[in-house]
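# Understanding the architecture of this molecule
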Amino acid sequence: ISRDSQMEKLAQEVLERIASSLVRTGYTPQQLFDRLDKDRNGALSRLELEEVIMSLQPDLTPSEREAVFRKLDMDKSGVVDLNEFHAAVQAVNAAPLVALEEKIRQLQR
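This structure is a prediction, so every number in the text was calculated from the model and none was measured.

## Considerations on the overall build of the protein chain
For the protein chain, the count of helices and strands is six helices and two strands. The linear arrangement of helices and strands in the protein chain, starting from the amino end, is α-α-β-α-α-β-α-α. The C-alpha atoms of the protein chain give a radius of gyration of 14 Å, which matches the 13 Å a tight globule of 109 residues would have. Each principal axis of the C-alpha distribution contributes one length, and for the protein chain these read about 45 × 35 × 20 Å.

Put into structure tokens, the structure is as follows:
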């Protein structure tokens with residue numbers, strides 16, 4: 001598998017984790033976006049996005065984090081606006097992942 005396709009797969013996995021956490025916590029994409037948008041400028045910088053990325057997958061290298069950011073920054077403007085964030089998160093169907101996590105938890109009891 002090429003490095004680019006590995007990065008794409010990894011970025012997709014991080015997006016799935018973000019979407020799963022939204023389902024689990026009951027947050028909407030807008031609410032998470034607002035929490036991450038520390039300076040309230042209506043766009044997420046790399047630094048603001050790093051917070052959620054690193055909380056979900058702290059072992060990512062800088063180049064892997066960059067791949068996640070590029071996947072979210074659809075218009076390549078250097079920031080992620082609410083529409084881009086919402087579209088990326090909505091494109092992931094997190095419900096099956098959350099259901100699987102719940103089954104695993106039940107088996108571990």
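## Looking at helix α4 (residues 62-72)
Think of an α-helix as turning once every 3.6 residues; residues three or four places apart then point the same way. Within α4, burial applies to E64, R65, A67, V68, F69 and L72. Taken together, the buried residues of α4 touch α1 (3-25), β1 (43-44), α3 (46-56), β2 (80-81) and α5 (82-90).

## A short note on the nonpolar core
I18, L49, L72 and F85 are the most contacted members of the largest nonpolar core, which totals 23 residues. No other element matches α1, which puts seven residues into this core. Those residues in contact with I18 that lie beyond four places of it in its chain are L32, V52, L56, F85 and V89.

## Describing the side chain of E48
With respect to the helices and strands, the residue E48 is situated in helix α3. Residue contacts for E48: discarding those within four places in its chain leaves L36, D37, K38, D39 and A43.

## Description of α3
All buried positions along α3 are accounted for by E48, L49, V52 and I53. An end-on view of α3 places all buried positions within 130° of arc, on one side of the element. Turned more than 90 degrees off the buried face of α3, the exposed positions are L47 and S55. Here the buried face of α3 lies against α1, α2 (29-36), β1, α4, β2 and α5.

Basis of the calculations
- Residues numbered from 1 in each chain as written.
- Predicted model: local features only at pLDDT ≥ 70, side-chain atom pairs only at ≥ 80, totals over all residues.
- Heavy atoms only, no water.
- Helix = DSSP H or I, 4+ residues; strand = E, 2+ residues; numbered from the N terminus.
- Rg over C-alpha atoms; globule rule 2.2 N^0.38 Å.
- Buried < 20%, exposed > 50% of the residue type's maximum accessible area, 1.4 Å probe, protein only.
- Contact = heavy atoms within 4.5 Å.
- Core = buried A, V, L, I, M, F, W, Y, C linked by side-chain atoms within 4.5 Å.
- Arc of directions from axis to C-beta.

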